[in-house]
Structure formats: C-alpha cells, structure tokens
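# Analysis of the macromolecular model
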Amino acid sequence: MPKRRSSVQPNLQGAALLRDAAANRGTAFSARMRETLGLQGLLPPAIEMPEQQVARVMDNVRRQATDLDRHVYLGALRERNETLFYRTVLDHLGETLPLVYTPTVGLACQAFGRIFQAPRGLYITAQDRGRIRDLLPHWPQPQVRVIVVTDGSRILGLGDLGANGMGIPIGKLDLYVACGGVAPAACLPVMLDVGTDNAALREDPFYLGLRQPRLRAEAYDAFVAEFVAAVQEAYPGVLLQFEDFSNANAFALLHRYHHQLCCFNDDIQGTGAMGLAGLYSALRLTGGQLTEQQILFAGAGEAALGIATMVTAAMVAQGLSPEQARGRCWLMDSKGLVVAARADLVAHKRPYAHDHAPLQDLQAAVAALRPSVLIGASGTPALFSEPVLRELARGAARPIVFALSNPTSKAECTAQQAYAWTDGQAIFASGSPFPPVTLAGKTRVPGQSNNAYIFPGMGLGILASGATHVSDAMFFAAAQALADQVSHADLQCGRVFPGQERLRDVAAAVATRVAETAFSQGLATHSRPADLGAAIKAMMYVPDYPPLPRA
Ligand code: NAI
C-alpha cells in the first residue's frame, strides 16, 4: 500500500535538509526544529504556517506572465519543497490542474529542452539496450508502485516529440499524487528514448534526447520487452501505465502485456472509461438510453477505439448483441468513413467497418448517419465546423458533442462554437478546458473530459487491492463510479463531469469501485478491509510535512 506521507531520509540536517525536496519545509520549520536540525541562520526569521506558504506560491503563480511560466514555476517548487507543491496543487486544483497538466503540459513538452532545469524520472535510451536492469537501481526510491512510461511518439495531439515527451509521465504522476493520493516516493516517470522521427527536433540546439531515428520493428519490441522484464524484476507487482505511445505501438503493447503484468494504456482504456462516463451523464440530460444512440467518432485512433470498445461493452451489458452494439458506433479516420469496402484498415478498426458507401466528408457522414452523439478524437482543430454542427443539430434535438482533442489548439471546436452552432442545444464536453458560455441569457459550463477523473482512482484501487492484473471490468466500474459523482447541480449547468475541485473525492470513489471489482474477480492479493471505502481514504497521501526523525 502507498504510505500516507512522503519518505524522508534519517539524519538529514542543515543545508542538506533544505535541499532535500521530500524533507524541506522552508519557512515552516519551527523554532525548535531550526535549533535541533542546524538550520539557524539558514532561513529568514519568519516562521510560517503552510497556508501562508501556499498563499505566497499562488501569488507568485498568478504574477507570472504566461501559463508556461506558471508551469515552470510550479515545477521548480516541486524540486525544492515537494509537500508544498502538492499541497498547493490540491488546495487550488481548479486553477493549478491546467498548469500542471493539460493543456499547459502540451506547451511544456514542446518547449521541454528550453525550459529544462533539473532532471526528474528515468531516461532509458536505445543505447542502454542490454543493461536496462542495471540502470533501474539508480532511481533512489526503492518502493516504486506506479510507473508511467512513454516513448514520446504521440504526445497529446502534437505528434512525435521524442524525449520532450517526458513532461507527460511527470504530469500524470503529479495527478496520481495530488488526486489519487499515491505517495510521491511510490511514483516513477520513465522516458523510453528510442530516438525521434521529428527532424526539426533533432536539429533543435536545445533538444535533450537521442538525435537518431526511432528504433523500429524487432529492435523496438526487444527494447520494450527488456524494459518490462527489468521493471518486473526491480519492482514486482508494480502498476505500469503506458502513455502517449503512437497508435500502432499502443495497441500492440497493450495486447502483448495486459495478460502478463499489471498494466493499462490510459489513452485507450482510461479514455474509454472517461468517455462512457460522460455519455452516461449526458443521457441523464437528454433522457435517452445508451442502446438507442447512434455514435459517430471523428477519429479512429486510440481514444476513439477506447471509447467505442467501452460503449459497445456497456450496450451489450444492457441487452444488445455485440453486432448490434458495434453497429451503433461509426468511425471516421483521416481517409474517411470506416466502411467494410475499405482495404486499408488495420485489424482494430475492422469490427467497426460497417456496410456503407464510402464517405470522405464529415458533414456528409453526419447527414447520412444522423448521429445523436459526435465525438472528436482526431487531433484536428476546427473539424467540427459550423456546417457540421448545424447538420448534427438538424438530426438530433439535443446532440451530444465531445471535442476531445488536446491541447486546446487541437480541439475540434470550442465550447462557444458548439453551443452557438446548435442554437444552445448541444451537451458539450472537451478534452481541454473552455470557459463558461452565455447564450441567450443562459450560462452553460462545459465539462472537461479529462482522464484525470479515471486514472488516479484506477491506480489507487489497484494498489489498495494489490490487483495482479487490470481487467476491463475494472474500467467499467471506474466509468460507473465517475458517472455517479456527477451531481444534479453539475447537470443543471450543462456539465457532464464533476468540478475539478472534486478530483480527490472522485479518485476515492473510483478506487473503491475498482478495488471492489478486483476483489470480486479474484484478482486481488490483499485481504479485503471491512470498510473498503474508508480504508482507501485512510491510505491516501496527504501533503502535510513529514515527521523529522531528529526534531
Ligand atoms: P491517434 O493518433 O491514435 O488517432 C487519431 C485519429 O484521428 C486517427 O484515426 C486519424 O486517422 C484520425 N484523423 C486524423 N485527421 C482526421 C480527420 N480530419 N477526420 C477524421 N479523423 C481524422 O490519437 P489518439 O490517441 O486517438 O488521440 C487523438 C486526440 O484525442 C489527441 O488530440 C489526444 O490528445 C486526444 N485525447 C483526449 C483525451 C481526453 O479528452 N481525455 C484522452 C485521449 C486522447
């Protein structure tokens, strides 16, 4: 189980104590601590409460010129005073989440080599082949329980960012700590630097990764296999989260490893659970049944297929046959509507290739299929144009529109456009946040379909139960738990996800259902506490200053 507090090395004192991010309290060291720990003279005389420190941090955050500057400032704080960082994030989740994670993390990855100040996590490169197991012990924390790993090949909707993609595992693990209550010492971000095919990046003087083309085919598979084996040996039972791998590798790795170890792919499965939860909530507003929906996905990649798989499973659980359920999900990719006649389809799109005339154009597909739900996961900005959304509204009284592509610059449409072009009828959610929109005197608050509603609770539930594997039923349970967290008040203002300030409560609720499922499926290795929900809340890390051995 993760520990409630961060781990602090014994016998730290003086300047070394101030330089240790896990132990440092800065101006919150008491007079007695300053005396006994050799800190006198090393700090200004004021002794502050953590609340005052948080207020100063937020004052500084707000005075920065740009969101990227805010991201950099908060990252530097984490390297100085970990507890204060997580406390600030948690106390101001609504304000800090978009800075620590999407959408700002997209900018941070693009600028990674320029804003770099200090290393964080493990960089395992193609040059480390044959010696990865020797490298893992260099990580100073022995009790790693969650690893988020990327190869930087598909960072958000921004494509191949090579080693710059390290910003993503770092950001995701920040949310594991702040929202999921997993102890910082239990988290390890990993970058598998297998090169980059982004030529501009390889030319960038500040680029920090390997300047070589990506490993491919057998060489790539062998490298990842060596990494997975080394991880299992170093941290038995660890949860491995695959993150922002390019399409083909993401599906292949999930297929290869999900029966072998405790792992999941957040872009596919986490997004799937999040999307299904959003639909459950949206249907509370429209009054329709899931099994009656006609769903058109603009995009046929990891996100779209993840949601389609979950939705299909949910429809089957509600009485449809698998064929009927898949028949209600239609996909469009960059080459047009996914139809049976196409010869260019990879295996995972085939189940959704229905008999229909080929169509290249989204508006034409909307007119032909009359979807009640339009989900964008294409990484293509402005794809939901005015003609597309007006066509959608012609066929559905209350169309459900999810523009999931991240970051904001890639969103298929804005909240303002979604509401305006459906005459206020759309139920809208987006991957990146948009401000509330007032139309004809009525204010609507768009929901943010952020995977942060799923994966921190997923991880916490897995750790709480000691699950050996991650099952589809666990994601199903997570989706239901998230949907249950959407209140009547959320729905009244049009929001199909809970407010972000509730992320920690949501994680606890998701974790409880996930762990319950692990216990009932026989996947758990821990014994089940009498009150699972209370036990999970009690094990969550709280960003209070850790006890100091000598104080
Ligand atoms: P992917 O690369 O696996 O798939 C992208 C898909 O979009 C491909 O099927 C491609 O053919 C298709 N596409 C490209 N241009 C298109 C066009 N003009 N019309 C229709 N389809 C088009 O990428 P993935 O992982 O599915 O992610 C897609 C987007 O969704 C990204 O921007 C990502 O950040 C976002 N996303 C958002 C999440 C959220 O809201 N929580 C979660 C996961 C992904």
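Predicted, not measured: the structure shown is a model, and the values here were computed from it. (Residues numbered from 1 in each chain as written. Predicted model: local features only at pLDDT ≥ 70, side-chain atom pairs only at ≥ 80, totals over all residues. Heavy atoms only, no water.)

## So, helix H18 (residues 386-395)
Listed as buried for H18 are Val388, Leu389, Glu391 and Leu392. One face of H18 carries all of its buried residues, which in axial projection span an arc of 155°. In the core, the buried residues of H18 are packed alongside helix H17 (362-369), strand E9 (373-376), strand E10 (400-403) and helix H19 (415-420). (Buried < 20%, exposed > 50% of the residue type's maximum accessible area, 1.4 Å probe, protein only. Helix = DSSP H or I, 4+ residues; strand = E, 2+ residues; numbered from the N terminus. Arc of directions from axis to C-beta. Contact = heavy atoms within 4.5 Å.)

## Notes on the packing of helix H3 (residues 50-63) against helix H5 (residues 82-91)
One way to put it is that H3 packs onto H5 with a least axis distance of 10 Å and a crossing angle of 75°. The angle between H3 and H5 falls in the class roughly perpendicular. The residues of H5 that touch H3, namely those facing Pro50, Glu51, Gln53, Val54, Val57 and Met58, are Leu84, Arg87, Thr88 and Asp91. Each residue belonging to the contact of H3 with H5 can be placed in one class, and the counts come to five nonpolar, two polar and three charged. (Axes fitted to C-alpha atoms, helices over the stretch in contact; angles between N-to-C directions. Parallel < 35°, antiparallel > 145°, perpendicular 65-115°, else oblique. Nonpolar A, V, L, I, M, F, W, Y, C, P; charged D, E, K, R; others polar.)

## So, the sheet that holds strand E7 (residues 329-333)
Reading across from one edge, E8-E7-E6-E9-E10-E11-E14 is the order of the seven strands in this open sheet, with mixed pairing throughout. Here the strands that pair on one side only, and so sit at the sheet edges, are strand E8 (336-337) and strand E14 (447-448). Here two bridges tie strand E11 (residues 427-430) to E14, and the two strands are oriented parallel to one another. Within the sheet, the bridge partner assigned to Ala429 lies in E14 and is Gly447. (Pairing = 2+ DSSP bridges.)

## As for the site of the ligand
Around the ligand, 25 residues are found, and the nearest of them are Arg154, Asn247, Ala303, Ser449 and Asn451. In this structure, an oxygen atom belonging to the ligand sits 3.3 Å away from a main-chain N or O atom of Gly301. Ser334 places a polar main-chain atom, nitrogen or oxygen, 3.0 Å from an oxygen atom of the ligand. Here the ligand, which alone exposes 860 Å², has 84% of that area covered by the protein. Most atoms of the ligand, that is more than half of them, are within 2 Å of grid points of the largest pocket. Residues that form the shell around the ligand fall into these classes: eight nonpolar, 14 polar and three charged. (Near = heavy atom within 4 Å. Polar contact = N/O pair within 3.5 Å; in protein donor to acceptor, adjacent residues only side chain to side chain. Areas by Shrake-Rupley, 256 points an atom, 1.4 Å probe, with all protein chains shown as cover. 1 Å grid on protein atoms, 1.4 Å probe; cavity = no way out; pocket = protein on both sides within 12 Å on 5 of 7 lines; lining within 4 Å. Sits in = over half its atoms within 2 Å of the grid points.)

## Comments concerning the sheet that holds strand E1 (residues 122-125)
In sheet architecture, strand pairing relies on hydrogen bonds along the backbone and comes in two forms, parallel and antiparallel. Here five strands make up an open sheet; going across it, the order is E1-E3-E2-E4-E5 and the pairing parallel. A single partner strand is all that each edge strand has here, and the edge strands are E1 and strand E5 (263-265). Between one strand and the next, the sheet's axes are offset by a mean angle of 20°, whatever the strand orientation. One ladder, built from four bridges, connects E1 with strand E3 (residues 187-193); its direction is parallel. The partner of Tyr123 across the bridge, within E3, is Met191. Sheet contacts for helix H14 (residues 266-286): strand E4 (239-242) and E5; angle to E5, the most-contacted strand, approximately 75°.

## Some details on the packing of aromatic side chains
Counting across every chain of the model gives ten aromatic pairs. Relative to Phe428, the ring of Tyr419 has its centre 6.0 Å away and its plane inclined at 70°; by these criteria the two rings are edge-to-face. Tyr419 gets classed as buried once you look at its relative accessible area, which sits at 2%. Residue Phe428 is classed as buried on the basis of its relative accessible area, which comes to 0%. Grouping aromatic residues by their ring pairs yields a cluster made of Phe85, Tyr86 and Tyr541. Over the ring of Phe85 we find Arg78, and its NZ or CZ is 5.2 Å from the ring centre. (Phe/Tyr/Trp six-rings, centres within 6.5 Å; stacked < 30°, edge-to-face > 60°. Lys NZ or Arg CZ within 6 Å of the ring centre and 35° of its normal.)

## Quick word on the pattern of salt bridges
Inspection of the entire model under this criterion finds 32 salt bridges. Residues Asp423 and Arg390 are paired through a salt bridge, measuring 3.5 Å at the closest nitrogen-oxygen approach. Linking Asp423 in the loop between H19 and E11 with Arg390 in helix H18, this pair joins segments that are 33 residues apart in sequence. Under the relative-accessibility criterion, Asp423 is labelled exposed at 56%. In this structure, Arg394 engages Glu391 in a salt bridge whose closest nitrogen and oxygen atoms are separated by 3.3 Å. With a gap of three residues between them, Arg394 and Glu391 both fall in helix H18, about one helical turn apart. Among the residues examined, Arg394 registers a relative accessible area of 57% and is labelled exposed. Beyond isolated ion pairs, a larger network of salt bridges with shared partners links Glu51, Arg87, Asp91 and Asp544. (Salt bridge = Lys/Arg side-chain N within 4 Å of Asp/Glu carboxyl O.)

## Some details on the packing of helix H21 (residues 472-484) against helix H23 (residues 503-520)
H23 packs onto H21 with a crossing angle of 145° between their chain directions and a minimal axis gap of 8 Å. Judged by the sense of rotation from one axis to the other, the crossing of H21 with H23 is right-handed. Counted together, Ala473, Met474, Ala477, Ala478, Gln480, Ala481, Leu482 and Asp484 of H21 and Val506, Ala509, Val510, Arg513, Val514, Thr517 and Ala518 of H23 form the full contact between these two elements. For the contact of H21 with H23, the residue count by class is eleven nonpolar, two polar and two charged. (Left-handed = near helix turned anticlockwise from the far one by under 90°.)

## Some words on the nonpolar core
Side chains of a nonpolar character, in soluble globular proteins, are inclined to be buried together. Of all hydrophobic cores here, the largest spans 146 residues; its most connected members are Ile147, Tyr176, Phe227 and Ile462. Not counting residues up to four positions away in its chain, the partners in contact with Ile147 are Leu188, Val190, Phe227, Val231, Tyr235, Val238, Leu239, Leu240 and Gln241. Formed by 29 residues, the second largest nonpolar core is a distinct cluster that contains Leu337, Ala365, Leu392 and Trp421. (Core = buried A, V, L, I, M, F, W, Y, C linked by side-chain atoms within 4.5 Å.)

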